[in-house]
Amino acid sequence: MSDSMTYSDIRNFMVEEQQKAPQAERKFKALKFFVGALCLILLVEVVLYTVVIPSKAPVKISFTGLQMYSPEEMCRILNANTNQTWSSFDSAQAAAVLADCPWIESVSVEKKFPDSVAISVKERVPVAATLLNLNGKTVPVQIDESGVLFSAKAGASISHLPLISGLPVENFKDGMGLPSIYKNFIGQLAKIQRLPQKYLATISEIHLNAKEYGGFDLILYPVHSHTRVLMDRTFSEDSLQYMVVVLDVVNSIGSNIYEIDLRYGSVSFRTRVQ
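Reference entry: report on the structure contained in this document. (Residues numbered from 1 in each chain as written. Predicted model: local features only at pLDDT ≥ 70, side-chain atom pairs only at ≥ 80, totals over all residues. Heavy atoms only, no water.)

### Re the packing of aromatic side chains
- Tallying each qualifying case throughout the model produces four aromatic pairs.
- With a centroid separation of 3.8 Å and an interplanar angle of 5 degrees, the aromatic rings of Y69 and W103 are classed as stacked. A residue pair is termed long-range when its members are at least 10 positions apart, and Y69 in the loop between β1 (60-64) and α2 (71-78) and W103 in the loop between α3 (91-99) and β2 (104-112) qualify at 34 residues.
- Judged by its relative accessible area of 10%, W103 falls in the buried class. (Phe/Tyr/Trp six-rings, centres within 6.5 Å; stacked < 30°, edge-to-face > 60°. Helix = DSSP H or I, 4+ residues; strand = E, 2+ residues; numbered from the N terminus. Buried < 20%, exposed > 50% of the residue type's maximum accessible area, 1.4 Å probe, protein only.)

### With respect to the sheet that holds strand β3 (residues 116-123)
- Here three strands make up an open sheet; going across it, the order is β1-β3-β2 and the pairing mixed. The sheet is open, and its two edges are formed by β1 and β2, each paired on a single side. Taking the axes of each pair of neighbouring strands and ignoring which way they run, one obtains an average angle of 20 degrees across the sheet.
- Both β1 and β3 contribute to a ladder of five bridges, which runs parallel. Note on β3: the bridge partner recorded for I61 is V117.
- In the packing of α2 onto the sheet, the strands contacted are β1, β2 and β3, and the crossing angle to β1 comes to about 115 degrees.
- Helix-sheet contacts for α3 involve β2 and β3, and the interaxial angle to β2 is about 165 degrees. (Pairing = 2+ DSSP bridges. Axes fitted to C-alpha atoms, helices over the stretch in contact; angles between N-to-C directions. Contact = heavy atoms within 4.5 Å.)

### Let's talk about the nonpolar core
- By size, the foremost hydrophobic cluster in this structure holds 37 residues, and its most contacted members are F185, I206, L208, L218, L220, F235 and M243.
- Residue assignment for this core shows that the elements contributing at least two residues are β4 (126-134), β5 (137-144), α4 (180-193), β8 (203-210), β9 (216-222), β10 (228-231), α5 (237-253) and β11 (257-261).
- By residue number, the principal contributor to this core is α4, which donates six residues.
- Excluding anything up to four places from it in sequence, L208 contacts I164, S165, G166, L167, Y182, F185, F216, D217 and L218.
- In terms of nonpolar packing, the next biggest core, distinct from the first, is built from 19 residues, L66, Y69, W103 and F150 among them. (Core = buried A, V, L, I, M, F, W, Y, C linked by side-chain atoms within 4.5 Å.)

### Considering α4
- Relative to the 20 Å expected for 14 residues at 1.5 Å per residue, α4 spans 20 Å between its end C-alpha atoms, a close match to the ideal helical length.
- Residues Y182, F185, I186, G187, L189, A190 and I192 constitute the buried set of α4.
- In the core, the buried residues of α4 are packed alongside β4, β5, β7 (164-165), β8, β9 and α5. (Expected span 1.5 Å × (residues − 1).)

### Quick look at the sheet that holds β9
- Strand order across the open sheet formed by six strands is β7-β8-β9-β10-β11-β12, with mixed pairing between neighbours. Taken across any chain shown, the strands that pair with only one partner, and hence form the sheet edges, are β7 and β12 (268-271).
- The sheet contact formed by β10 and β11 spans three bridges and is parallel. Its bridge partner being in β11, V229 is matched across the sheet by I260.

### Describing the environment of L178
- Topologically, L178 is positioned in the loop between β7 and α4.
- The exposure class of L178 is buried, given its relative accessible area of 4%.
- Once the C-alpha coordinates of L178 and S146 are considered, the two residues, 32 residues apart in sequence, prove to be 8.6 Å apart.
- Ignoring sequence-local partners within four residues, the contact set of L178 consists of I143, G147, L149, L167, V169, K183 and I186.

### Quick look at the pairing of β2
- Of the strand pairs in this sheet, β2 and β3 are connected by eight bridges, and their pairing is antiparallel. Residue pairing across strands places K112 opposite S116, the latter belonging to β3.
- Connecting β2 to the next strand, β3, in antiparallel fashion are three residues.

Structure representation (structure tokens):
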């Protein structure tokens, strides 16, 4: 038996190898398709479990900055329910709804993937209160430092706020602002409130007394005195200190003085007719 290969043997070998090559290529392509299909299935599952399913879960809404209102009340304002999903939650609409609330100064709404919404609220801080007519009823209305009027929350007490009367508001609308001349006074009032001395706790009411030719003066009604005090609208710590000193003198005298006028840089008194 010869160890050498004949020409016919070589040709047969090459033919066999050529026949095997397409089979191997088909097997390799089939393997690539199988691996690709597995990768695609894995990718779909990753997207499904990390994106689709979480975003379809009930949205989790959190609030920061709330003082007077609870998260449940805020959700009722937003008309948000437990079945609402993260993907269906409209952050722009939510921000618009809350921005329309007169007692909210500013708001931001941020959706956080995959299922939460963070809402930051800055409520208006009242520095004074007044009583106004709304639909035929007298309602307590709060005033913030910038002079914006907004209804007090039902059941909320305004007794800790200085009471302002005489505001020129005929048709009250929640969220309306005061004219600039009154905004300046409210700003001065807010500065007095931030002082460590509680000057405003000694005053039961501040009446804005309109002048005949424009502008206004102040009429202050002290808590522990039957004597009212007239003051110009330059409302400051110095003017309040001066008022306290003059009231102490009047109370020590025990006279029948019912009015003290501190306007025009001098002090004058009015007494009751005996």
